[in-house]
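Understanding the architecture of this molecule
Given next are the chains, with one letter for each unit.
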Amino acid sequence: KKVWEKYAQARIEGGLAQRLLEVEGPIPPVMLDEQAIVLAVVNLLDNAVKYGGHTPITVTIEPVRDFVQVRVRDRGPGIPRDAEKRIFDRFYRGPRDDQDTRGSGIGLALVKQIAVSHGGRAWARSVPDEDGGGAVVGFALPALEATPAPSPEERAEASDEPEGARASATRA
């Protein structure tokens, strides 16, 4: 939540059309450098704004096996297949029609370095058009205690939302 609040206050060129924070299930504790994680999440959000345009952006935090996963999804054009392997390279900038896109290509390299220095990993992938399109970029950090991911049925039972709906949350 702190990262989300700091980002909401940050001045990001282009603005956001719609933002949604989803917290899936109970989040186990993680040993982390708060300032580094804030920097990583802000870089992911900034990247989604720059390359996803004014599309909705969703940040999801969830336990996955022995990790806590943070992913940022936009609904923009996605990541070209040839760029997926290079996207975390220092100074690499993905293709964009708009040559005025600010940045130096260091943001996602920094996200990867932060994740790895915490014992985790970072990844990026395009979302197929039939699933709404866009890109998902995220990282996973090792949890201090393993928490099995709840099944969809367990999530539905624990939620006041109708089955299949995702509840927005404000804690993290």
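Residues numbered from 1 in each chain as written. Predicted model: local features only at pLDDT ≥ 70, side-chain atom pairs only at ≥ 80, totals over all residues. Heavy atoms only, no water.

**Structural notes on the overall build of the protein**
Across its full length, the protein carries five helices and five strands. Ordered by position in the sequence, the α and β elements of the protein form the string α-β-α-β-β-α-α-β-β-α. Residues counted as buried form 40% of the 172 residues belonging to the protein. The long-range fraction of contacts in the protein, counting pairs at least 24 apart against all pairs at least 6 apart in sequence, stands at 68%. (Helix = DSSP H or I, 4+ residues; strand = E, 2+ residues; numbered from the N terminus. Buried < 20%, exposed > 50% of the residue type's maximum accessible area, 1.4 Å probe, protein only. Contact = heavy atoms within 4.5 Å.)

**Re the pattern of salt bridges**
The final tally for this structure, using the stated rule, is two salt bridges. Note that Asp46 is salt-bridged to Lys50, the shortest N-O span being 3.7 Å. Of the two residues, Asp46 and Lys50 both sit in helix 2 (residues 34-52), four residues apart, roughly one turn of that helix. You can call Asp46 buried: its relative accessible area is 12%. The exposure class of Lys50 is buried, given its relative accessible area of 15%. (Salt bridge = Lys/Arg side-chain N within 4 Å of Asp/Glu carboxyl O.)

**What about helix 4 (residues 107-117)?**
Within helix 4, the full set of buried residues consists of Gly107, Leu108, Ala109, Val111, Ile114 and Ala115. On the buried face of helix 4, the contacting elements are helix 2, strand 4 (121-126) and strand 5 (135-142). Trailing helix 4 by a residue or two, Gly119 shows a phi angle of about 85°, which is positive.

**Describing helix 2**
When the terminal C-alpha atoms of helix 2 are compared, their 26 Å separation across 19 residues agrees well with the 27 Å that a helix rising 1.5 Å per residue should span. Counting buried residues along helix 2, 15 of its 19 residues qualify, which places the element largely inside the surrounding structure. Residue Asp33 occupies the N-cap position of helix 2, its side-chain oxygen lying 3.1 Å from the main-chain nitrogen of Gln35. (Expected span 1.5 Å × (residues − 1). Polar contact = N/O pair within 3.5 Å; in protein donor to acceptor, adjacent residues only side chain to side chain.)

**Quick notes on the confidence of the model for the protein**
Taken over all residues, the pLDDT of the protein has a mean of 76, while the share at 70 or more is 66%. By mean pLDDT, the top-scoring element of the protein is strand 5 (95), and the lowest-scoring one is helix 1 (residues 2-9) (53). Note that pLDDT drops below 50 for residues 8-14; the model gives that stretch nine contacts with residues more than four away or on any other chain. Note that pLDDT drops below 50 for residues 159-172; the model gives that stretch 19 contacts with residues more than four away or on any other chain. (pLDDT = per-residue confidence, 0-100.)

**Observations concerning the environment of His54**
Relative to the helices and strands, His54 resides in the loop between helix 2 and strand 2 (57-64). Taking the C-alpha atoms as reference points, His54 and Arg75, separated by 21 residues in sequence, lie 8.7 Å from one another.

**Topic: the environment of Arg90**
Counting through the fold element by element, Arg90 comes out in the loop between helix 3 (81-84) and helix 4. Residues Arg90 and Leu108 lie 18 residues apart in sequence; the distance between their C-alpha atoms is 7.8 Å. Other than its neighbours up to four places away in sequence, Arg90 contacts Gly105, Ile106 and Ala109.

**Observations concerning the pairing of strand 3 (residues 67-74)**
Counting buried residues along strand 3, seven of its eight residues qualify, which places the element largely inside the surrounding structure. Two strands pair when backbone bridges link them, and strand 2 and strand 3 are joined in this way by seven bridges, in the antiparallel orientation. Following the sheet pairing, Thr58 is matched in strand 3 by Arg73. Counting the residues between successive antiparallel strands, the hairpin from strand 2 to strand 3 contains two residues, one of them, Arg65, with a positive phi of roughly 55°. (Pairing = 2+ DSSP bridges.)

**Quick look at unusual backbone geometry**
In this structure, Arg65 takes a positive phi of about 55° despite not being glycine. When you line up the elements, Arg65 lands in the loop between strand 2 and strand 3.

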